[in-house]
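Given next are the chains, with one letter for each unit.
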2 protein chains.
Amino acid sequence: MLLFGETYHHPNILYRTGFLVPDPVVVVDRGGVDTVLWVSALEEGRARKQASVGEVRSTMELEIPAPRAGGNEFDGWAALVTAVCREHSLNAVDVDAEFPTVLADHLRQNDVDVRPRTDIYQQRRRIKTAQEIEWITSTENAGMAALQKAIDVIAAAEIRDGLLVRDGRNLSSADLIFAVESHLLDKGNSTVDSICCGGPESSDPHRTESEVIRAGLPIVLDIYPFDKRTRYWGDMTRTVVRGTPPPEVMRMWDAVLEAQQAGLDAVRPGVNGRDVHYACCEVFKQHGYGSLPKPYRDIQSDARFIHGTGHGLGLEIHEYPRISEADVVLEVGDVITVEPGLYDPLFGGIRIEDLVVVTETGCRNLTTLAKTFRLD
Amino acid sequence: MLLFGETYHHPNILYRTGFLVPDPVVVVDRGGVDTVLWVSALEEGRARKQASVGEVRSTMELEIPAPRAGGNEFDGWAALVTAVCREHSLNAVDVDAEFPTVLADHLRQNDVDVRPRTDIYQQRRRIKTAQEIEWITSTENAGMAALQKAIDVIAAAEIRDGLLVRDGRNLSSADLIFAVESHLLDKGNSTVDSICCGGPESSDPHRTESEVIRAGLPIVLDIYPFDKRTRYWGDMTRTVVRGTPPPEVMRMWDAVLEAQQAGLDAVRPGVNGRDVHYACCEVFKQHGYGSLPKPYRDIQSDARFIHGTGHGLGLEIHEYPRISEADVVLEVGDVITVEPGLYDPLFGGIRIEDLVVVTETGCRNLTTLAKTFRLD
């Protein structure tokens with residue numbers, strides 16, 4: 001198996017080596033303890049101390065031009081992976097699904113058979129160890145405390161002319177995000193973004209900020225931190241409101257709360273993730289709301305469920321398995337989110353998301369934060 | 001041109017669409033204003049508001065199974081890119097160097113000629129506009145203020161038994177990183193990591209933390225923030241010391257300061273980046289220190305220059321062009337770092353890094369922070 005890439009965004013290589021590195025490295029994994037990690041001179045000393053592999057070798061050993069000699073990096077990387085294959089006498093390699101086409105083409109021109117695989121480490125990474133669950137729980141706990149900070153700010157705000165106000169000025173998404181992220185940082189966590197978005201803008205599920213924070217309309221707080229040392233993620237969403245929401249919004253809330261509970265209740269080993277998804281869609285159907293899957297798509301409604309029910313989580317925020325229309329049977333040790341939502345362009349979005357571990361008898365919920373919609 | 005990927009880590013797609021999205025999208029760019037962005041139902045509403053493209057289309061339009069129906073995501077993505085090619089009647093596509101091999105193979109099996117290119121948007125992205133330089137300057141300014149916070153903490157510490165001490169306990173790398181990153185966050189910036197590492201551990205250039213912060217040995221502070229809205233990066237390094245360093249360390253400092261100035265002096269349009277790199281190596285040679293390139297590799301010395309002199313910066317922290325042995329002629333509008341360093345396993349590392357814009361007459365230095373080594 002030949003892996004290529006930096007490890008901030010190639011979790012398979014991070015998983016295999018435990019080595020966080022901002023520039024591409026090459027890993028040769030023959031399935032045993034003799035895994036070889038090829039790094040530049042810059043990283044050699046650190047790799048010898050930090051990487052969990054059989055052997056660290058320096059690309060200086062290989063008789064190739066400096067990796068970027070051509071001006072274009074990929075010419076250099078192509079020469080590097082070809083030289084590594086030659087050094088290890090590899091005539092055929094399995095590569096990750098994301099292995100760059102330009103490198104595969106170059107290897108093939110040099111008579112190396114390149115076989116992309118979409119399941120490298122997939123099963124191993126999917127079933128979390130007790131240690132991994134501990135790391136994820138730790139991140140999730142930090143996330144909950146951070147999310148609570150945003151709730152505290154919202155709860156303490158005044159309502160003036162339909163907007164939330166703090167210290168005499170309009171409360172903003174940026175204020176809430178700062179409350180969340182500064183707390184995360186204080187606990188050794190970080191994130192790529194945070195969603196603190198209220199009102200109509202929150203009907204786009206991944207919109208992070210709204211123009212203002214309105215009273216009477218939902219405020220979606222979706223927090224997804226990672227631990228800066230372990231690199232394991234957490235993920236959770238709560239939706240809250242200040243002031244009196246219109247009856248349509250309360251109907252949406254009731255439906256989402258019930259759908260999310262139905263999703264949680266459906267999670268256990270042996271169940272198809274698709275049936276967890278359908279359990280949520282079914283509740284929405286009973287409340288008159290449409291969802292994406294074919295049988296539910298034709299239900300006419302302003303508010304709709306426009307994404308999957310959840311996803312695996314670990315070294316990636318979104319990883320295998322997806323809880324959607326995908327055909328995948330849940331197993332003990334899966335760590336997945338359950339996060340149905342409804343989105344109405346007029347009123348905004350409501351989403352509730354918990355992170356759970358699949359256990360022998362069902363699941364254990366790592367997200368213990370109360371699901372309180374109305375803060376007053 | 002066919003682009004595929006999420007945009008947190010595929011800067012070409014972010015550059016072309018201005019749309020930040022955590023799950024893969026597909027872009028068809030024919031070179032005109034009719035660029036089409038294909039997104040999931042989840043992202044459709046937000047893409048219509050936020051993406052700078054000719055047209056946004058929903059993957060729901062395509063008669064394909066849900067992208068993850070097979071359980072494995074890449075089967076779904078393969079079906080998606082193939083359907084997009086069919087919809088646009090594309091028999092041949094240029095793709096990015098990083099286009100996944102598994103998708104290229106699938107397209108080729110479906111009679112689409114896939115031509116990986118290593119230079120997509122390279123020239124356009126390389127030459128920064130006034131707006132981009134403004135964004136980078138803004139990030140750099142926030143980074144300098146954050147780096148100064150770490151310097152302030154170091155300057156205010158006491159020295160006890162050879163270690164830096166604050167509030168009665170040993171000052172740690174984590175304390176310094178928190179000072180840096182909490183300030184970044186406050187200014188709407190973020191980062192993936194920060195290097196605040198002192199003593200022998202800092203002889204690994206990318207090591208972020210040391211066990212303790214020692215007096216008399218160098219402390220490397222390398223800060224690389226990005227603006228959470230514009231997504232443009234900054235990058236800078238200062239090295240400082242408290243207490244009296246050994247003469248070897250002072251010799252290293254003098255050489256690095258001189259080498260960095262030689263690098264800065266060499267930067268102007270028409271110069272080969274490799275000659276900027278050699279200018280630094282040459283100064284090190286005069287001081288008796290070895291570097292990576294062949295002519296300098298054989299110089300025997302404990303402290304050595306073990307990386308390139310710099311790199312382009314923009315939507316990526318490390319982007320084209322590299323200032324190393326790569327053969328690349330500098331142009332007006334390049335934004336590059338100049339960051340030679342020396343690394344001694346016994347004493348640690350010393351690196352000085354400025355970020356500069358190549359101008360008609362030379363370069364303009366965006367990193368105006370003083371280069372003060374000894375803080376007392």
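**Comments concerning the overall build of chain A**
For chain A, the helix and strand inventory stands at ten helices and 21 strands. Overall size of chain A, expressed as C-alpha extent along the three principal axes, is 70 × 45 × 35 Å. Within the span of chain A, comprising 376 residues, buried residues form 61% of the whole. Residue pairs at least 24 apart in sequence account for 59% of intrachain contacts in chain A once pairs closer than 6 positions are excluded. Put simply, chain A shows about 13,900 Å² of open surface, and 48% of that area lies on carbon and sulfur atoms.

**Topic: the side chain of Asp 175 of chain B**
Residues and elements named next belong to chain B. Inspection of the secondary structure assignment puts Asp 175 in helix H7 (residues 173-186). A residue is classified by how much of its surface remains accessible, and Asp 175, at 14% relative accessible area, is buried. Side-chain polar atoms of Asp 175 contact the backbone nitrogen of Ser 172, separated by 3.0 Å. If near-sequence neighbours (up to four positions away) are discounted, Asp 175 is found in contact with Arg 166, Arg 169 and Asn 170.

**Re the interface of chain A and chain B**
In this assembly, 64 residues from chain A lie in contact with 64 residues from chain B. Regarding the contact of chain A and chain B, the summed buried area is about 5,500 Å², with carbon and sulfur atoms giving 53% of it. At the boundary of chain A with chain B, the tally comes to 14 salt bridges. Taking the shortest distance from any N to any O, the salt bridge between Glu 181 of chain B and Lys 228 of chain A comes out at 2.2 Å. Counting every contact that joins chain A to chain B gives 23 residue pairs in polar contact (both at pLDDT 80 or more). Its residues assigned to classes, the side of chain A that touches chain B comprises 25 nonpolar, 16 polar and 23 charged.

**Focus: the relation of the copies chain A and chain B**
Turning one copy of the chain about an axis and sliding it along that axis gives the other copy, so a rotation and a shift relate them. Take chain A, turn it by 180 degrees, move it 0.0 Å along the axis, and it overlays chain B with an RMSD of 0.0 Å. Taken together, these values place the two copies in the relation of a two-fold axis. Taking C-alpha positions as reference, the residue of chain A nearest the rotation axis is Thr 101 of chain A, located at 2.1 Å. Taken as a fraction of all interface residues of chain A, those also at the interface in chain B reach 100%, which identifies the copy contact as same-surface.

**Quick notes on helix H2 (residues 41-50) of chain B**
Along H2 of chain B, the residues that are buried comprise Ala 41, Leu 42, Glu 43, Arg 46 and Ala 47 of chain B. Residues of H2 of chain B that are buried sit in contact with strand E3 (36-39) and strand E4 (55-58) of chain B.

**Quick notes on the pairing of strand E8 (residues 163-166) of chain B**
Residues and elements named next belong to chain B. Pairing analysis gives three bridges linking strand E7 (residues 158-160) to E8, with the strands arranged antiparallel. Pairing of Glu 158 across the sheet is with Val 165, part of E8. Counting the residues that bridge the hairpin from E7 to E8 gives two residues, and of these Asp 161 lies at a positive phi of roughly 50 degrees. Bridge count between E8 and strand E9 (residues 169-170): two bridges; the pairing is antiparallel. Pairing of Val 165 across the sheet is with Asn 170, part of E9. Turn length for the E8-E9 hairpin, with the two strands adjacent in sequence and antiparallel, is two residues, and the turn residue Asp 167 shows positive phi of about 50 degrees.

**Things to note about the packing of aromatic side chains**
To describe a pair of aromatic rings, you give the distance between the ring centres and the angle between the ring planes. All names here are of chain B. Summed over all chains, the structure comprises 14 aromatic pairs over all chains. Judged by centre distance (5.4 Å) and plane angle (35 degrees), the rings of Trp 135 and Tyr 232 are tilted. On the criterion of sequence distance, the pair formed by Trp 135 in helix H6 (residues 130-156) and Tyr 232 in the loop between strand E13 (225-227) and strand E14 (236-240) is long-range, its members being 97 residues apart. The partly exposed category is assigned to Trp 135, whose relative accessible area is 32%. Tyr 232 sits in the buried class, given a relative accessible area of 5%.

**Focus: the confidence of the model for chain A**
Here chain A averages 95 in pLDDT, while 98% of its residues score no lower than 70. Taken over the whole predicted complex, pTM reads 0.93, whereas the ipTM for its chain interfaces reads 0.90.

**Regarding the pattern of salt bridges**
If the charged atoms of two oppositely charged side chains come close together, the side chains can form a pair. Residue and element names in this part refer to chain A. What the rule picks out here adds up to 60 salt bridges over all chains. Here Arg 46 ties to Glu 43 by a salt bridge, and the two come within 3.0 Å at their closest N and O atoms. Here Glu 43 and Arg 46 lie together in helix H2 (residues 41-50), a separation of three residues that amounts to about one turn. Like Glu 43, Arg 46 is buried. In the salt-bridge network here, residues are joined through shared partners; they are Asp 94, Arg 115, Arg 117 and Asp 119.

**Concerning the pairing of strand E20 (residues 341-344) of chain B**
Side chains Gly 341 and Tyr 343 of chain B of E20 of chain B all project onto a buried face; the interleaved residues Leu 342 and Asp 344 of chain B project onto the opposite face, where all are buried too. Linking E20 of chain B back to strand E21 (residues 348-351) of chain B in an antiparallel pair, the connection comprises three residues.

**Digging into the domain arrangement of chain A**
Residues and elements named next belong to chain A. The domains assigned to chain A are domain 1 (2-120) and domain 2 (126-365). Computed from C-alpha atoms alone, the centre-to-centre distance between domain 1 and domain 2 is 37 Å. With five residues of domain 1 at the contact, the number on the domain 2 side is five residues. Taken together, the two surfaces of domain 1 and domain 2 that pack against each other cover about 420 Å², and 75% of this comes from carbon and sulfur. It is Pro 11, Leu 14 and Tyr 15 in domain 1 that bury the most area against domain 2; as a group they hold 74% of the surface buried on that side. At the boundary of domain 1 with domain 2, the tally comes to zero salt bridges. At the surface where domain 1 touches domain 2, the tally comes to zero residue pairs in polar contact (both at pLDDT 80 or more). Looking at the side of domain 1 that touches domain 2 residue by residue, the classes come out as five nonpolar, no polar and no charged.

**Remarks on the sheet that holds E8 of chain B**
Read across the open sheet, the three strands follow the order E7-E8-E9 (chain B); overall the sheet is antiparallel. Of all the strands in the sheet, the pair left with one neighbour each is E7 and E9 of chain B.

**Comments concerning the sheet that holds strand E12 (residues 219-223) of chain B**
Residues and elements named next belong to chain B. As summarised here, the arrangement of the three strands in space is E11-E12-E14, forming an open sheet in which the pairing is antiparallel. The open sheet has two free edges, formed respectively by strand E11 (195-198) and E14, since each of these has just one partner strand. Across the sheet, the mean angle separating the axes of adjacent strands is 10 degrees when strand polarity is ignored. Pairing of E12 with E14, which is carried by five bridges, proceeds in the antiparallel orientation. Considered in E14, the bridge of Val 220 is made with Thr 239. Of the strands in this sheet, E11 and E12 are in contact with H7, which crosses E11 at around 155 degrees.

Cut-offs used in this document
- Residues numbered from 1 in each chain as written.
- Chains lettered and ligands numbered in written order.
- Predicted model: local features only at pLDDT ≥ 70, side-chain atom pairs only at ≥ 80, totals over all residues.
- Heavy atoms only, no water.
- Helix = DSSP H or I, 4+ residues; strand = E, 2+ residues; numbered from the N terminus.
- Buried < 20%, exposed > 50% of the residue type's maximum accessible area, 1.4 Å probe, protein only.
- Contact = heavy atoms within 4.5 Å.
- Areas by Shrake-Rupley, 256 points an atom, 1.4 Å probe, with all protein chains shown as cover.
- Polar contact = N/O pair within 3.5 Å; in protein donor to acceptor, adjacent residues only side chain to side chain.
- Buried area = accessible area lost by both parts, 1.4 Å probe.
- Salt bridge = Lys/Arg side-chain N within 4 Å of Asp/Glu carboxyl O.
- Nonpolar A, V, L, I, M, F, W, Y, C, P; charged D, E, K, R; others polar.
- Least-squares fit on C-alpha atoms with pLDDT ≥ 70 in both.
- Pairing = 2+ DSSP bridges.
- Phe/Tyr/Trp six-rings, centres within 6.5 Å; stacked < 30°, edge-to-face > 60°.
- pLDDT = per-residue confidence, 0-100.
- Domains from an automatic or database assignment.
- Axes fitted to C-alpha atoms, helices over the stretch in contact; angles between N-to-C directions.

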